[in-house]
Amino acid sequence: MEPMNKDMPLQMLISFEKLLKQYDAMAKSDDPLLSSRAKHVLETQAPYPELREGFSDVELLEKHKDIIRVILQDSFAEVLSENEIKAASLPYYDVVFNKSKRFQKILDNAGKDFKLFIRDQDEGVDYIMGSTVILKWHYGFNLDFSRPYFYDIPDANGIMHHYRILYNADFMDLIPTDLAKDLTQADVDKLLENPEDLELWKEMIPPNSFISKGFVISNMFDVTAEHTISEIKTNLISSDKRGSETFISDLQETFRSFFKIKELKIGFVTYNTKDNLLERVYGNGIESFLLKEKNNEACNHVLCVGSYAKIVKEKGYFAISDVDKYYKLSEGAEPYRSLHEQGIKSAVFAPIVNEGELLGVLELVSTKKNQLNGVNATKLDDVMPYIVAAVVRSKIEEENLIDAIIQNECTSVHSSVHWRFEEEAKQFIIDGLEGRQPSFKEIVFKDVYPLYGQIDIKASSQARNIAIQRDLMIQLSNIKEILNAALKNEKLPIYEELIYRIDKYIDDIKETLFTNSEQTIFDFINADVLPIFDHLKNQNKELSDLIEAYEKTINEETHSYYDHRKQYDDSVMRINKKLASEIDRHQEAAQQMFPHYYERYKTDGIEHNMYIGSSISEDKDFDPLYLKNLRLWQLQVMCEMENKYYNLKPELDVQLDVTSLILVYSTSLSIRFRMDEKRFDVDGTYNARYEIIKKRIDKSYIKGTNERLTQKGKLSIVYSQKKDEQEYLRYISFLKSKGYFTNNIEIVDLEGLQGVSGLKAIRAEILYKKNSEDEKTFTYEDLMEELKA
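A. Region of the structure containing the environment of phenylalanine 141. For phenylalanine 141, the position within the fold is in the loop between helix H7 (123–137) and strand E4 (149–154). Accessibility expressed as a relative area gives 15% for phenylalanine 141, which makes it buried. Sequence separation of phenylalanine 141 and glutamine 185 is 44 residues, and the distance between their C-alpha atoms is 8.3 Å. Those residues in contact with phenylalanine 141 that sit more than four places away from it in its chain are Leu135, Lys136, Leu183, Thr184, Gln185 and Val188.

Put into C-alpha cells, the structure is as follows:
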C-alpha cells in the first residue's frame, strides 16, 4: 500500500468519525432494530479510539480490517458484494481498503505482481487538483475541478480492462492548519491565470496547510467498451499517432480489449475500384492475412463467391467462426486456404465503406475457433465510422502527398515563389464563388537578376556513339555466328545474303556511326533476322541452343544488345544524381540567406538557373548585397560539385570528364511562368538575348583560335562588362585563399556568337581534393595521376 508522503496541500488523516457520528444519532432512534445495529457498530469501534480521532499510518488499516468491515457494513452491503466493484480509499493516493468481493477477485486475477494505481496521476497535477478542492469547499470560490479517474487492470488472460472511479466524499472533513493563508479574489485570479505554475500554487496554498480527515468510497464501473472505442477513435483520427511506429501494435491491443480476445490480430487491405484488386497497405507493422506476402491480388482470387458477394457487393461483415471446417468443406478454396496455412481458426472481415464506395477491408483474426463470429462482429458497428474517417483522411493525405511529389518532381513551382501561386489560386477560388469566370492569370516577376551555371559531360555524344557502336557490332557478330551455323546445316543462298548484309553493316559502323545507323540495323534485325530465327528454332537442337543463348543477351526493354550503352547510361545517371544532390543540398542553406527562384535539370550533366530580386521575396527587402552573396555561393558550389564528380569518377564504368561554366548577366530582367510548359522563362524580346547566350556559350571558342572555352579542370566564367570581371576576380582571389583555385587564372576574349558579340571569360584552374577530409590539393592533371596510382 502506498505511503502517504507525497507533497500535497492536504494532510491525509484516515478517520471514520463523520460516519460514526451518524451511528451516534441512529443509536438514539425509536426504531429498535436501527438502534440495535448502530449500538453494535459503536460498541465494536469503542476500544479503538484512533478510528475516530484519525491516523496516517496505513498499516493500521490491515490491523483493524475486521473492525473497519463492521463500521462500513451498511455502506458495503454484503448482498451486493459479488456484483459491485467498490472499495474505501483516500483521494490522490493509491490506498484502497475494505474491497468488495468482486473488486478483490478482479485484483486477484491481475496477478501477484500487479500494482494498483490511478492512471495519469501526476504529483504536480494532483497538488493543483487538491488545491482547487480547498478553494471551493473552504474558501468558497466556485471552481470546476472535476476530472475522470481510471484504473487499468488486466484480467487473467492479460486483456486490459478499464474502470472509471466515482468518489463519494460524504465522510470527509476539511480542516485548516496554521499554515493556511487568507486568500482574496485577486489571489485566486492569479492562480487561475497560471494553472501550471506549481510553485505559485504552493506559495498560495502551502503543503500541509489543510487536513483532510475521513475517507472516500470508490465506486468503480467497467468502461472498457466505451474506453476502447474512444482509444480507437483517437488512434485512427489523430494523424501523428497513425504515423508512429507503434500505431498498429497499440491499435491491436485496443481491439483485444474491445473484443476481450488476447489472440486477436488486425490487418488492413485497400480496395482498388478500377482494377478490382485488394492491395497491401504500406506502413509500420501493417499486415494483411488475406494477401499474406503479396502486394496485391484480384478480389476473385482472394475471396470465394460467398465472401466476395458479402464484402464487395453487399458491403457487409463476413465472419468465419471455424476456418478449418470451411477449409474442408470448400476443398481448400480461398480465403480459407491462406487463413488455414497461417494457423488462423476464426476471422471477421469488415468492409470499409464511405458513401457507398468500398475503400478497403478491416481484417480481424484469431488463432482460436469461434472467438470471432457473426455475433461479436456486430460490435464493429460502434467503431467502423472512425475507421472509415481515418481511411478517408489517409486517402486525402496520400493524394496531397502525390500532388506534392508531382509538383516537386515534374513542375517548376519552387518553394520561393509558391506564395505567389497560392495568392493566384485563392483569387481563382474567389472568382468562382462570386460568379466570375475564374482564370489562372500568368505570374510575372519583374526586375530579377539571373544566375546560370552548368557542369557538362565532355564529349558525351562521342562516348555514347562508341557505346552504341560496340553493342551493335557484338549483336551483329552473334547473329552472324548463328547464320553461319544455319548455312552449314542447310546450304540456302538466303543465309549467305543475310551474312553479306551483316558484314556490310559491321564495316559501315566500324568507320562511322551515322544518326540513322542504329534504327536501320534495328529494323533489319526485326524484319529479316528474327523471323528466320523463329524458323531455325525448329530445325535442330544446336541452332535452337544458339538462338536461345542469343536471346538471353537481348535486353527486354530496348530489344537489343545493351551492355556498353548500359554502362554509359548508368555512368551518366550516377554523375547526374551525384551532382544534382550536391547542389540541391547546398541550395537549402542558400535559400536561408535570401529567398530566390532555383531550378536545375539533367541533360548530359547538370544545368541550373537562379533568379533573385525583391519581387520574388515575399516579405524580405532585397539589397544588391544578396546578389553578390549568391554569386560567390554559386562559384564555391560549382568547385565543390567538380570535386564531388572527380571523387566519383574511379567508380564509373565509363571514364568521362566534365567541364564547368557560369554565365554572368548584370542586367535585371523579367521572368514569366508559361502555363503551357509549366515552367518559368525570360519575358520580352530584349530579355531573350540572355537565353540566346545561355544556349550557345558552351560551344564558344577563344577569339582567333580553334580552342574551346570550356576545358576540364577549369571553371569558365562568361561576362560582358568590366565591373563583372573585377567582381569575379575578387571572388576568385578570396576562394583561392581557401584552396579552391590555383594561381593559373586567364582572361580571354570569345569569338562572336550568332547575334551576340563582345563576350569575355575568366578561366580559373580548380584545385581538387581526393576526399572532403584531405587537406592536400591537386590540379586536374595531378589528380588524374594520383587516381591512377
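B. Highlighting the nonpolar core. Membership of the largest hydrophobic core comes to 63 residues, with the highest contact counts inside it found for Phe16, Leu135 and Tyr151. Examining the composition of this core, we find that 5 residues originate from one element, H7, more than from any other. Leave out the neighbours within four places in its chain, and leucine 135 touches Gly140, Phe141, Leu143, Leu183, Val188, Leu191, Trp201 and Ile205.

C. Structural context of the packing of aromatic side chains. Throughout the structure, instances matching the rule amount to 17 aromatic pairs. Between phenylalanine 103 and tyrosine 151, the aromatic rings sit 6.4 Å apart at their centres with planes inclined by 25°, giving stacked as the arrangement. You can see phenylalanine 103 sitting in helix H6 (residues 101–110) and its partner tyrosine 151 sitting in strand E4, a full 48 residues away along the chain. Note on accessibility: phenylalanine 103 and tyrosine 151 belong to one class, buried. For the pair phenylalanine 533 and tyrosine 550, a centre-to-centre distance of 5.5 Å together with 85° between the ring planes defines the contact as edge-to-face. Note that phenylalanine 533 is positioned in helix H21 (residues 517–536) and tyrosine 550 in helix H22 (residues 541–552), a separation of 17 residues in sequence. Grouping residues by exposure puts phenylalanine 533 and tyrosine 550 together as buried. Clustering of aromatic rings is evident, with ring pairs tying together Phe16, Phe97, Phe171 and Phe215. The aromatic ring of phenylalanine 76 is capped on one face by lysine 86, whose charged end is 5.0 Å from the ring centroid.

D. Just the environment of leucine 579, in detail. With respect to the element layout, leucine 579 can be found in helix H23 (residues 564–593). Separated by 61 residues in the primary sequence, leucine 579 and glutamate 640 place their C-alpha atoms 9.4 Å from one another. Residue contacts for leucine 579: discarding those within four places in its chain leaves Ile455, Ile606, Met641 and Tyr645.

Each value, and the rule that gives it
Residues numbered from 1 in each chain as written. Predicted model: local features only at pLDDT ≥ 70, side-chain atom pairs only at ≥ 80, totals over all residues. Heavy atoms only, no water. Helix = DSSP H or I, 4+ residues; strand = E, 2+ residues; numbered from the N terminus. Buried < 20%, exposed > 50% of the residue type's maximum accessible area, 1.4 Å probe, protein only. Contact = heavy atoms within 4.5 Å. Core = buried A, V, L, I, M, F, W, Y, C linked by side-chain atoms within 4.5 Å. Phe/Tyr/Trp six-rings, centres within 6.5 Å; stacked < 30°, edge-to-face > 60°. Lys NZ or Arg CZ within 6 Å of the ring centre and 35° of its normal.

Purely geometric numbers; function is a separate question.
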